[in-house]
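Now for the letters of each chain:
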Amino acid sequence: MGGVVARLLVLADDDLHALGDRALLDRTAELVRERNRIDAELTRTIRVADARQACEHDGLKTMPSWLRNHSRLSAAAAAELVRSGRALAHLPVLAAAFAAGDVTADQVAAIAPIARDAHRVAAAEQGVDLAEVDAALTAIAVPQPHRVLGQAVDRYLAMLDPDGPEPDPTEGRRLAIIKHADGSITGRFDLDAVGGEKLQTALESVVQVGRCAGDERTRTQQSADALVQLCDNQLAAGTLPILRGHKPQVIVKIAVEDLADPATGPGAAGTGFGATISAARARWLACDGAVTRIVMGPDGMPLDYGRTLRLVPPHVRRAAEVRDAGCVFAGCGAPTFWCDVHHLLEWINGGETNLENSALLCERHHTKVHHGFRVERQPDGRWRTWRPDGTEILTGPQRTGAPLTTAA
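Definitions and cut-offs
Residues numbered from 1 in each chain as written. Predicted model: local features only at pLDDT ≥ 70, side-chain atom pairs only at ≥ 80, totals over all residues. Heavy atoms only, no water. Phe/Tyr/Trp six-rings, centres within 6.5 Å; stacked < 30°, edge-to-face > 60°. Helix = DSSP H or I, 4+ residues; strand = E, 2+ residues; numbered from the N terminus. Buried < 20%, exposed > 50% of the residue type's maximum accessible area, 1.4 Å probe, protein only. pLDDT = per-residue confidence, 0-100. Contact = heavy atoms within 4.5 Å. Pairing = 2+ DSSP bridges. Expected span 1.5 Å × (residues − 1). Axes fitted to C-alpha atoms, helices over the stretch in contact; angles between N-to-C directions. Parallel < 35°, antiparallel > 145°, perpendicular 65-115°, else oblique. Left-handed = near helix turned anticlockwise from the far one by under 90°.

Caption draft 1: The packing of aromatic side chains, seen in detail. Inspection of every chain in the model, using the stated rule, returns one aromatic pair. Each ring, one from Phe329 and one from Phe373, has its centre 5.6 Å from the other, and the planes form 50°; the classification is tilted. Of this pair, Phe329 sits in the loop between helix 14 (314-324) and strand 6 (339-343) while Phe373 sits in the loop between helix 15 (363-369) and strand 8 (374-377), and the two are 44 residues apart along the sequence. Neither Phe329 nor Phe373 differs from the other in exposure class; each is buried.

Laid out in structure tokens, this is it:
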């Protein structure tokens with residue numbers, strides 16, 4: 001690993017503007033090949049960690065969750081890495097081409113569905129040799145464009161079960177949302193033909209009813225506005241599922257002086273999902289919403305309530321949601337509506353039902369804390385997590401100081 005890092009540092013010093021076009025293209029091709037090899041080794045490592053459930057060492061249940069929270073991958077990327085690793089265990093020819101840098105991670109992901117349990121069983125029942133299919137699809141992947149490979153995989157899967165039941169349309173549906181630093185989001189989704197038709201029909205109805213003279217929005221802007229309007233309609237209708245005793249609602253936290261001040265106040269308010277917005281936008285949202293007052297103490301935290309109640313009352317839970325914004329266990333961050341309010345000092349041992357003695361924990365990590373793990377809030381507001389052996393679970397850049405080793 002040290003050699004890889006050293007080589008990258010040398011490459012970073014190259015003056016790319018001094019290279020000719022041919023040299024730039026050759027360099028690009030070489031880097032893609034090296035990236036393929038690194039992706040192959042990463043996938044192989046994740047496969048072993050997945051099979052061994054190494055993520056339990058950090059208190060997490062699955063490798064996708066570990067990759068999302070400890071390596072900051074998107075949910076889609078994390079799941080795809082794990083799926084590819086599992087598939088390559090049954091596709092040795094593809095795995096060898098991947099390790100050699102001849103195929104990309106995207107190509108591996110495109111072929112991976114043929115190794116799913118149901119497809120392998122169907123192939124065995126029909127006398128199809130998976131090894132031959134592995135070799136044939138790899139032979140297509142190496143020289144052919146990605147589109148051609150996808151068509152070949154789709155044709156194989158269709159021929160594998162030409163007269164079988166209609167596939168479940170939900171199996172191929174995907175929605176990935178990426179949040180940016182300013183709170184805005186981008187995303188990608190994949191829908192089957194019927195699901196896509198439903199979405200387009202719903203959006204088109206809102207687009208058409210909202211058309212007016214002088215509308216200079218592009219088609220993509222109109223569709224995006226229609227999607228937000230659909231969400232507004234559903235939230236206002238009050239028919240969405242109840243979450244933890246509360247109707248889903250857009251939550252905005254803002255100081256009362258900013259709410260009353262007519263100035264724009266950029267960055268003065270925060271939303272329930274962690275975005276930062278202006279006071280003006282918060283006041284706009286409040287025009288058609290209910291305003292809940294949570295009195296903050298001098299330290300900037302919601303005030304506490306006494307130990308007169310055994311179960312956490314709604315106002316204490318809401319204060320914990322405002323403060324914690326999700327599960328506080330290191331590397332988790334599950335949304336608030338998945339979480340219980342945990343007594344840091346148990347009720348039976350004299351712990352009070354107040355904010356200071358509370359922590360939001362998802363069901364899994366609530367169980368972990370009751371079986372030896374420990375969470376603690378620091379004076380600066382940060383939460384820290386310890387394993388039963390007393391070692392702290394660290395995420396992100398803190399881990400990068402650990403030495404990297406390779407198998408002998």
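Caption draft 2: Focus on the confidence of the model for the protein chain. On average, the protein chain scores 83 in pLDDT, and the residues at 70 or more come to 85%. Confidence, expressed as mean pLDDT per element, reaches its minimum in the protein chain at helix 13 (residues 279-286) with 69 and its maximum at helix 5 (residues 92-99) with 97. Here residues 304-310 scores under 50 on pLDDT; set against residues more than four positions off or in separate chains, the count is 18 contacts. Low pLDDT, under 50, characterises residues 400-408; the stretch is placed with two contacts to residues that sit more than four places away or in other chains.

Caption draft 3: Local environment of the sheet that holds strand 5 (residues 276-277). Pairing is antiparallel in the open sheet, where three strands are placed in the order 3-4-5. Of all the strands in the sheet, just strand 3 (252-254) and strand 5 have a single pairing partner and so form its edges. Looking at chain direction, strand 3 and strand 4 (residues 269-271) are connected through three bridges and run antiparallel. Counted as the bridge partner of Lys253 is Gly270 from strand 4.

Caption draft 4: Summary view of helix 4 (residues 75-88). The end-to-end C-alpha distance of helix 4 is 20 Å, a good match for the 20 Å that 14 residues give at a rise of 1.5 Å each. Burial in helix 4 covers these residues: Ala78, Leu81, Val82, Ser84, Gly85, Ala87 and Leu88. Against helix 2 (21-52), helix 3 (63-70), helix 5 and helix 6 (105-111) lie the buried residues of helix 4.

Caption draft 5: Examining the packing of helix 3 against helix 4 more closely. Where helix 3 meets helix 4, the axes come as close as 8 Å, and the angle between the chain directions of the two elements is 140°. Classified by the interaxial angle, the pair formed by helix 3 and helix 4 is oblique. Note on packing geometry: the crossing formed by helix 3 with helix 4 is right-handed. Touching Met63, Pro64, Leu67 and Arg68 of helix 3 are Ala75, Ala78, Leu81 and Val82, all from helix 4.

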